[in-house]
2 protein chains.
Amino acid sequence: MEYYSKQISNLISELSTLPGIGAKSAQRLAFHLLNMPEADVEKLSTSMIEARRNIHYCKNCFTLTDQEICPICSDAKRNKKLIMVVEDTRDLAAYEKTGKFDGVYHVLHGAISPMNGIGPADIKLKELMVRLQGDVDEVIIATNSSMEGETTAMYISKLIKPTGIKVTRIASGVPVGGDLEYIDEVTLLRALEGRTEL
Amino acid sequence: MEYYSKQISNLISELSTLPGIGAKSAQRLAFHLLNMPEADVEKLSTSMIEARRNIHYCKNCFTLTDQEICPICSDAKRNKKLIMVVEDTRDLAAYEKTGKFDGVYHVLHGAISPMNGIGPADIKLKELMVRLQGDVDEVIIATNSSMEGETTAMYISKLIKPTGIKVTRIASGVPVGGDLEYIDEVTLLRALEGRTEL
């Protein structure tokens, strides 16, 4: 990229390493940054560094937080005996947006994926088992409905079963508002298997 | 976004002010940054600040550069008598990628747009006229083929005509590889008007 000054090229190439940012978007972002007031660029830059520096895993549920224990785990109104296991913090946020789940979470930070060399020891599974030594009524497995998510769900359920704690899996089926015509066969079969009496 | 720690929410909302970054992408970017090594976040952040601080307009052509005169203007091999007028630095880069233009540029930093309150005084037009007092053979107007770009092209050509300097406009027509069936009527008519003898 000789037609740009070195610092612009550097910025573009660094921005293009971010997820979802291709060469064109990186270029657009870079020029946007160069046209922003200097103070705003400094503010964004500080937010990035500060967040990266101060954010760590909640000691309890392993979600990302800037406190020792995250707001959800420290909320007295949440039911600590009901643990929803999710793959990452964004999945937790998705359920929080529903506003209907009053239990707590356990963030695995990944899913078992032999294809990608990710085994049970690479996700926060041992930490979940430690938590289950406390007083827990039910573990809801809300890993994704992907191959990796399903594998992880199976693995966790087998691990928990012997402890006698109830283990459940979120339902998989036709999304609300979904048109059957456009739903894949696997989902349709899953919806059929999971049918409930009216 | 109460389900995220304050610093994460801040970072997400700042990232989502960037162009082309919606709420979902901002979230993805934020979590990517939080999972990056701290040193890498600092590097990116420094590139942003440094670039913003050191980049200014080339004294000659007004492209963004970290030197006083940009590499193109200081290149002895470029023809200084041939000036291509573009709306912004990215348009300059687009023509540089072709590797076939050996003249120099003039970056307007915008286009005349009465609808958006942008008049001739808001773009680097006065600066272009100053440059034309030197020894110039031809001015190629390569503003976009949009309403604003065309208005700007007309305005500039009227301004330059009295000086006797040759003014040209890049051709507009069917893009190479374009299928006529999918081209809009205005472009088709433009291509017809601009037909050349074979």
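The coordinates are above.
Residues numbered from 1 in each chain as written. Chains lettered and ligands numbered in written order. Predicted model: local features only at pLDDT ≥ 70, side-chain atom pairs only at ≥ 80, totals over all residues. Heavy atoms only, no water.

Caption draft 1: Region of the structure containing the relation of the copies chain A and chain B. The two copies are related by a screw operation: chain A maps onto chain B through 180° of rotation and 0.1 Å of translation along the axis, at an RMSD of 0.1 Å. Here the copies are linked by what is in effect a two-fold axis. Identified as the residue of chain A closest to the rotation axis by C-alpha distance is A:Ser45, at 2.5 Å. The share of interface residues of chain A whose copies in chain B are also at the interface is 100%, consistent with both copies meeting through the same surface. (Least-squares fit on C-alpha atoms with pLDDT ≥ 70 in both. Contact = heavy atoms within 4.5 Å.)

Caption draft 2: Seen up close, the interface of chain A and chain B. Taken together, the contacts link 49 residues of chain A with 50 residues of chain B. Buried surface at the junction of chain A and chain B, summed over both partners, amounts to about 5100 Å²; 64% is from carbon and sulfur atoms. Three residues stand out in chain A for area buried against chain B, namely A:Tyr3, A:Met48 and A:Arg52, and they jointly supply 14% of the buried area on that side. Scanning the region where chain A abuts chain B turns up five salt bridges. (Buried area = accessible area lost by both parts, 1.4 Å probe. Salt bridge = Lys/Arg side-chain N within 4 Å of Asp/Glu carboxyl O.)

Caption draft 3: The arrangement of the pattern of salt bridges in detail. Counted according to the given criterion, the structure contains 17 salt bridges over all chains. The salt bridge partner of A:Glu42 is B:Arg53, with a shortest N-O separation of 2.9 Å. With A:Glu42 in helix 3 (residues 38–54) and B:Arg53 in helix 3 (residues 38–54), this pair bridges two chains. With a relative accessible area of 43%, B:Arg53 lands in the partly exposed category. Its salt-bridge partner being A:Arg78, residue A:Glu96 comes within 2.8 Å of it at the nearest N-O pair. You can see A:Glu96 sitting in helix 4 (residues 89–98) and its partner A:Arg78 sitting in the loop between strand 2 (64–65) and strand 3 (79–86), a full 18 residues away along the chain. This pair shows no difference in class: A:Glu96 is buried, exactly as A:Arg78 is. Beyond isolated ion pairs, a larger network of salt bridges with shared partners links A:Glu38, A:Glu42 and B:Arg53. (Helix = DSSP H or I, 4+ residues; strand = E, 2+ residues; numbered from the N terminus. Buried < 20%, exposed > 50% of the residue type's maximum accessible area, 1.4 Å probe, protein only.)

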